[in-house]
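The residues making up each chain are set out below.
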There are 2 protein chains.
Amino acid sequence: MNAEILCVGTELLIGQVVNTNATYLAQELAALGIDLYWVSTVGDNYGRLDEALRQATSRADLVLVTGGLGPTADDITVEAVGRVMGEALAERPEERDRIVRYFERLNRPMATSNLKMALFPPSAELIPNPTGSASGLAAKVGRATVMTFPGVPFEMKAMWEGWARPRLAALGGGTIRSALLKYAGIGEAQLAEQVARYLEGANPSVAPYASSGEVHLRVTAKAETEEEAEAMLAPVIAELTAIQPYYFGRDEQTLPSVVGDLLLERQATLATAESCTGGLVASRITDVAGSSNYFLGGLVTYAGIAKTGLLGIPDDLLVGGAVSQAVAERLAEGARARLGTTWGVGITGFAGGGAGVPDDDVGLVWGAVAGPDGVTAESWRYGGRVPREMIKFRATQSLLDLLRRRLIKSGR
Amino acid sequence: MNAEILCVGTELLIGQVVNTNATYLAQELAALGIDLYWVSTVGDNYGRLDEALRQATSRADLVLVTGGLGPTADDITVEAVGRVMGEALAERPEERDRIVRYFERLNRPMATSNLKMALFPPSAELIPNPTGSASGLAAKVGRATVMTFPGVPFEMKAMWEGWARPRLAALGGGTIRSALLKYAGIGEAQLAEQVARYLEGANPSVAPYASSGEVHLRVTAKAETEEEAEAMLAPVIAELTAIQPYYFGRDEQTLPSVVGDLLLERQATLATAESCTGGLVASRITDVAGSSNYFLGGLVTYAGIAKTGLLGIPDDLLVGGAVSQAVAERLAEGARARLGTTWGVGITGFAGGGAGVPDDDVGLVWGAVAGPDGVTAESWRYGGRVPREMIKFRATQSLLDLLRRRLIKSGR
């Protein structure tokens, strides 16, 4: 079975609203094992909506339409579906009653235009809307099934979960299971080359995606049952997670959560001292619930005076420039000493936009990790004219990955 | 002129990524006065991508394609454009050199697959990518112009702003001018009520949008010339920016940038001491280029031991709970004293996910601002079961807005 999503609404075409409905339905279809081949968006325009509906129903088995079910003049989805079905709309008395009662319950006057929401093609089945005023419809158009949902995300979700998903799940047709494997310290192309023989496979399939400062491999298997799909995934996942030291976690795991788990296992604690990242390393670490069990605190030593005043880094070390291996190491050691933690990390670099920094130096970052067995430093370079926030974020990725590798190696 | 957006990438069809590129380009096209009629998404699939390109180029004047420009086997956009143009791809030696240098500069080994990014249809013009490895192309296909951009949002934006937008703007044909006015400390419905009479207008139009911890009003005017459109906007903007103390900035301005401007004007400096936000206040302040002119540094006093050790907050103040007006004030005063700045801010609260915090307390945050004329504190509550990161972000918004109001009032 293959599906197509058709989103209706001029607000999407002027960029007023981000189309999260399409993302949600795409995830849901993937989980049901239904292939999604197209997502289209059109405005509240008769000609183009008709064209989009005819095209979608001619090439897909299932067409999910969102938006355009409301009471106003620009809500034209039901009319368009009727036209494509070749049916004139007729009022459903029970829907008319429901709409009248809906407004009575809200204690709001009902504009008569709302009764438009009681009109449906006669052969359509209704999809109840437990949280809003407009019901959806499910109807056959040629070989395709069309289902309509409101554009309001929580109404759409309630109708999908309450009505559509159970019916589609019952149709069977197998299932899809997938895992998202995450890698740091390696480029997309380099990883793709290393796993080239897996990228050819159709089932399980393996596809690489570059993310900011990490690379992901999505491994997907289709099978009749969940158990079968998991059994197909297992050996591939075992081989792909053995790509060390780059593989760091899967699915919901992040570099900060993985570092946190390693610290917890070792009953170790952590402190940070940051210059160029301005607190973002500490902030990302504390995005993890329970981080107070291992993260004690940090210092943001942005100005030279803060490096000297808070950590006693000598002026003569800063005169040669605050971006150096020596300064990164002093930051890491200083954070560790100042907060009395097992581990300390330090980071300094040129995030760009400051005065007096040569263009070529922007994107150069030094990071260091200090621990029970000494201090290690690395430098990284983020290319081109990358925005400040991006350099900051990538620098936190590199530093967290350095800490992760160091924790694994040290065992303490 | 009418446009169509075509997004390429299987990650979009399995819902792994929200399509923010389409929203951005839709806004940009609206601002240029170019009608957008269709947005389509297809996967990394030869047949369907060709079909989508043929369809788009047959019905639109301008086709903007995002995604599929990378080095891996599933990056097939340039090939597909070549097929639809009827041109075989050929290597551009200058692009090959640029890619080789790009990796040299990053100090990373270059997988040979990256050289695929130097292949283009011979008649295409290149769109330079200042921040990444894959250039885009602009080419004629029948009556349509096709432009390709990477799927990585900041690369796409840099190429759009640096190359495509100025060229499209020069084509003319009436214009749309708009301003985005930003408000903090007021809810969307409350602001909408206050500006109700403007929301009725069609030209200029005013539309409210809720963002995280702030509310935006988009004011838009259509006219023959830029001057005419600006003249229509001016009186409306004058009235809407007079809504004080809520209005804080417009367009690219952010709470951190506005606070930075106020500090610069006053030749004042700032330090931070953060508990629940874990460094995010400092990080957001340092997202602003030039922030080193007023931000000296900060402390992330996450554990009690850090509050005592770094700022000397007495234990007995923490015994009653670290989330209180007194602790927020001591953090603000401590940051100011420790770094010798004009202003200091402090923040402490329950971000959720920690052990031993009653559910009812999650989302309670105290913030304080200490300055030459004393210390002020406020408390905020972020309702419902909001995720940790959201509570952290909203808390930074509230604190920065408190600092903004205090700076305006104090003048120092």
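Residues numbered from 1 in each chain as written. Chains lettered and ligands numbered in written order. Predicted model: local features only at pLDDT ≥ 70, side-chain atom pairs only at ≥ 80, totals over all residues. Heavy atoms only, no water.

*Asks:* Help me get a handle on the overall build of chain A, residues and values and all.
*Replies:* Summing up its helical and strand segments, chain A has 15 helices and 17 strands in all. The C-alpha atoms of chain A give 28 Å as radius of gyration, which overshoots the globular expectation for 412 residues (22 Å, by more than 25%). If one aligns the C-alpha atoms of chain A with their principal axes, the spans along those axes are about 85 × 50 × 40 Å. Residues counted as buried form 57% of the 412 residues belonging to chain A. Partitioning the contacts of chain A with sequence separation of at least 6, the portion at a separation of at least 24 is 67%. When the accessible surface of chain A is totalled, it reaches about 16,400 Å², and 51% of it is carbon and sulfur. Computed over 38 positive and 47 negative side-chain charges, the separation of the two mean positions in chain A equals 3 Å. (Helix = DSSP H or I, 4+ residues; strand = E, 2+ residues; numbered from the N terminus. Rg over C-alpha atoms; globule rule 2.2 N^0.38 Å. Buried < 20%, exposed > 50% of the residue type's maximum accessible area, 1.4 Å probe, protein only. Contact = heavy atoms within 4.5 Å. Areas by Shrake-Rupley, 256 points an atom, 1.4 Å probe, with all protein chains shown as cover. Lys, Arg positive; Asp, Glu negative; His and termini not counted. Charge placed at Lys NZ, Arg CZ, Asp CG, Glu CD.)

*Asks:* Can you tell me about the sheet that holds strand S15 (residues 343–349) of chain B, naming the residues and giving the values?
*Replies:* With mixed pairing, 10 strands are arranged side by side in an open sheet as S17(A)-S16(A)-S15(A)-S13(A)-S14(A)-S14(B)-S13(B)-S15(B)-S16(B)-S17(B). Every other strand in the sheet has two partners, leaving strand S17 (374–381) of chain A together with strand S17 (374–381) of chain B as the edge strands with one partner each. Pairwise comparison of adjacent strand axes, ignoring direction, gives a mean angle of 15° for this sheet. (Pairing = 2+ DSSP bridges. Axes fitted to C-alpha atoms, helices over the stretch in contact; angles between N-to-C directions.)

*Asks:* Run through the sheet that holds strand S2 (residues 35–42) of chain A, naming residues and quoting values.
*Replies:* Spatially, the 12 strands line up as an open sheet ordered S6(A)-S7(A)-S8(A)-S3(A)-S1(A)-S2(A)-S2(B)-S1(B)-S3(B)-S8(B)-S7(B)-S6(B), and their pairing is mixed. Of all the strands in the sheet, just strand S6 (125–127) of chain A together with strand S6 (125–127) of chain B have a single pairing partner and so form its edges. Across the sheet, the axes of successive neighbouring strands diverge by a mean angle of 20°, strand direction being ignored. Bridge count for strand S1 (residues 2–8) of chain A against strand S3 (residues 62–66) of chain A is 5 bridges, and the pairing is parallel. Bridging across to S3 of chain A, Leu 6 of chain A finds its partner in Val 65 of chain A.

*Asks:* I'd like a rundown of the environment of Pro 130 of chain A, residues and numbers included.
*Replies:* All names here are of chain A. By the secondary structure assignment, Pro 130 is in the loop between S6 and strand S7 (136–141). Residue classification places Pro 130 among the exposed residues on the basis of a relative accessible area of 60%. Between the C-alpha atoms of Pro 130 and Gly 162, which are 32 residues apart in sequence, the distance is 8.7 Å. Once residues lying within four places of it in the same chain are set aside, the contact partners of Pro 130 are Ala 158 and Met 159.

*Asks:* I'd like a description of the interface of chain A and chain B, backed by residues and values.
*Replies:* Taken together, the 81 residues of chain A in the interface contact 75 residues of chain B. Contact between chain A and chain B buries roughly 6,100 Å² in total, counting both sides, with carbon and sulfur atoms accounting for 57%. The interface formed by chain A and chain B contains 24 residue pairs in polar contact (both at pLDDT 80 or more). Taken together, the 5 bridges between strand S14 (residues 295–301) of chain A and strand S14 (residues 295–301) of chain B define a ladder with antiparallel strand orientation. Looking at S14 of chain B, one finds that Gly 297 of chain A is bridged to Thr 301 of chain B. (Buried area = accessible area lost by both parts, 1.4 Å probe. Polar contact = N/O pair within 3.5 Å; in protein donor to acceptor, adjacent residues only side chain to side chain.)

*Asks:* I'd love a proper account of the pattern of salt bridges, names of residues and values included.
*Replies:* Residues and elements named next belong to chain A. Scanning the entire structure with this criterion turns up 37 salt bridges over all chains. Ionic pairing is found between Arg 83 and Glu 79, a salt bridge with its closest N-O pair at 3.9 Å. Of this pair, Arg 83 and Glu 79 both sit in helix H4 (residues 77–85), 4 residues apart, roughly one helical turn. For Asp 401, the salt bridge goes to Arg 404, with nearest N and O atoms at 2.8 Å. (Salt bridge = Lys/Arg side-chain N within 4 Å of Asp/Glu carboxyl O.)

*Asks:* I'd love a proper account of helix H2 (residues 20–32) of chain B, names of residues and values included.
*Replies:* Over its 13 residues, H2 of chain B extends 19 Å from the first C-alpha to the last, a length consistent with the 18 Å expected when each residue adds 1.5 Å. Within H2 of chain B the residues assigned to the buried category are Asn 21, Ala 22, Thr 23, Tyr 24, Leu 25, Ala 26, Glu 28, Leu 29 and Leu 32 of chain B. Tucked inside the fold, the buried residues of H2 of chain B contact helix H1 (10–13) of chain A together with strand S1 (2–8), strand S2 (35–42), strand S3 (62–66) and helix H6 (153–170) of chain B. Between the side-chain oxygen at the start of H2 of chain B and the backbone nitrogen of Ala 22 of chain B there is a gap of 3.2 Å, and the oxygen is on Asn 19 of chain B. (Expected span 1.5 Å × (residues − 1).)

*Asks:* Any details on the side chain of Ser 398 of chain A? Residues and values, ideally.
*Replies:* Residue and element names in this part refer to chain A. Along the chain, the position of Ser 398 falls in helix H15 (residues 388–410). At 2.6 Å, the side chain of Ser 398 forms a polar contact with the side chain of Tyr 382. In this structure, Ser 398 is in contact with Trp 380 and Tyr 382, ignoring residues within four places of it in sequence.

*Asks:* So what's going on with the environment of Gly 67 of chain A? Which residues, and what values?
*Replies:* Residues and elements named next belong to chain A. Position of Gly 67 relative to the elements: it lies in the loop between S3 and H4. In this structure Gly 67 comes out as buried when scored by relative accessible area, which is 5%. It is 39 Å that separates the C-alpha atoms of Gly 67 and Gln 397, two residues lying 330 residues apart in sequence. When sequence neighbours within four positions are dropped, the list of residues in contact with Gly 67 reads Val 8, Thr 77, Phe 149, Pro 150 and Gly 151.

*Asks:* Tell me what's going on with the packing of helix H10 (residues 255–265) of chain A against H15 of chain A, and back it up with residues and numbers.
*Replies:* Describing two packed helices takes the angle between their axes plus the distance from one axis to the other. Residues and elements named next belong to chain A. At a minimum axis distance of 10 Å, the contact between H10 and H15 shows a crossing angle of 25°. As judged from the angle between their axes, H10 and H15 are roughly parallel. The handedness of the crossing between H10 and H15 comes out as left-handed. Within the contact between the two elements, H10 uses Leu 255, Pro 256, Val 258, Val 259, Leu 262 and Leu 263 and H15 uses Gln 397, Leu 400, Asp 401, Leu 403, Arg 404, Leu 407 and Ile 408. Here the residues of the contact of H10 with H15 sort into 10 nonpolar, 1 polar and 2 charged. (Parallel < 35°, antiparallel > 145°, perpendicular 65-115°, else oblique. Left-handed = near helix turned anticlockwise from the far one by under 90°. Nonpolar A, V, L, I, M, F, W, Y, C, P; charged D, E, K, R; others polar.)

*Asks:* Explain the confidence of the model for chain A to me, and be specific about the residues and the numbers.
*Replies:* Taken over all residues, the pLDDT of chain A has a mean of 91, while the share at 70 or more is 98%. Reported confidence for the predicted complex is 0.78 by ipTM and 0.78 by pTM. (pLDDT = per-residue confidence, 0-100.)

*Asks:* Could you give an account of the packing of aromatic side chains, naming the residues involved and the relevant values?
*Replies:* Inspection of the entire model under this criterion finds 8 aromatic pairs over all chains. When the ring of Tyr 302 of chain A is compared with that of Phe 295 of chain B, the centres are 5.7 Å apart and the planes differ by 55°; the resulting orientation is tilted. One end of the pair, Tyr 302 of chain A, is in the loop between S14 and helix H12 (304–311); the other, Phe 295 of chain B, is in strand S14, on a second chain. Classification of Tyr 302 of chain A by relative accessible area gives buried; the value is 14%. Using a relative accessible area of 0% as the deciding quantity, one classes Phe 295 of chain B as buried. One cation-aromatic arrangement involves Arg 59 of chain A over Trp 38 of chain A; the distance from NZ or CZ to the ring centre is 3.7 Å. (Phe/Tyr/Trp six-rings, centres within 6.5 Å; stacked < 30°, edge-to-face > 60°. Lys NZ or Arg CZ within 6 Å of the ring centre and 35° of its normal.)

*Asks:* Tell me about the pairing of S1 of chain B, residues and numbers included.
*Replies:* Residues and elements named next belong to chain B. The buried count for S1 comes to 7 of 7 residues, which makes it a mostly enclosed element. Because side chains alternate across S1, one face comprises the buried residues Asn 2, Glu 4, Leu 6 and Val 8, and the other comprises Ala 3, Ile 5 and Cys 7, equally buried. In terms of strand pairing, S1 meets S2 through 7 bridges, oriented parallel. Bridging across to S2, Leu 6 finds its partner in Ser 40.

*Asks:* Describe H12 of chain A, naming the residues involved and giving the relevant values.
*Replies:* Considered for burial, the residues of H12 of chain A that qualify are Ala 306, Lys 307, Leu 310 and Leu 311 of chain A. Taken down its axis, H12 of chain A places every buried residue within 105° of arc, on the same side. Each element contacted by the buried residues of H12 of chain A is listed here: strand S13 (270–274), S14, helix H13 (315–319) and helix H14 (325–339) of chain A together with S14 and helix H14 (325–339) of chain B. Looking one or two residues past H12 of chain A, Gly 312 of chain A carries a phi angle of roughly 65°, positive in sign. (Arc of directions from axis to C-beta.)

*Asks:* Any details on the environment of Ala 30 of chain B? Residues and values, ideally.
*Replies:* Tracing the backbone shows Ala 30 of chain B in helix H2. When the C-alpha atoms of Ala 30 of chain B and Leu 69 of chain B are compared, they prove to be 25 Å apart, with 39 residues separating the residues in sequence. Setting aside residues up to four positions removed in sequence, Ala 30 of chain B forms contacts with Ile 14 of chain A together with Ile 176 of chain B.

*Asks:* Now, about the state of the cysteines: what can you tell me, with residues and values included?
*Replies:* Considering all chains together, one arrives at 0 disulfides over all chains under this definition. For the unlinked cysteine Cys 7 of chain B, the closest cysteine sulfur is that of Cys 7 of chain A, found at 12 Å. (Disulfide = S-S within 2.5 Å.)

*Asks:* With reference to specific residues and values, describe unusual backbone geometry.
*Replies:* Cis rather than trans, the peptide bond between Asn 203 of chain A and Pro 204 of chain A has omega equal to 0°. Along the polypeptide, Pro 204 of chain A turns up in the loop between helix H8 (196–199) and strand S10 (205–211). Going from Gln 244 of chain B to Pro 245 of chain B, the amide bond is cis rather than trans, its omega being 5°. Looking at the element boundaries, Pro 245 of chain B is found in the loop between helix H9 (226–240) and strand S12 (247–250). Residue Asp 251 of chain A is not a glycine yet carries a positive backbone phi of 55°. When you line up the elements, Asp 251 of chain A lands in the loop between strand S12 (247–250) and H10. Unlike most non-glycine residues, Gln 267 of chain B shows phi in positive territory, near 50°. Its location among the elements puts Gln 267 of chain B in the loop between helix H10 (255–265) and strand S13 (270–274).

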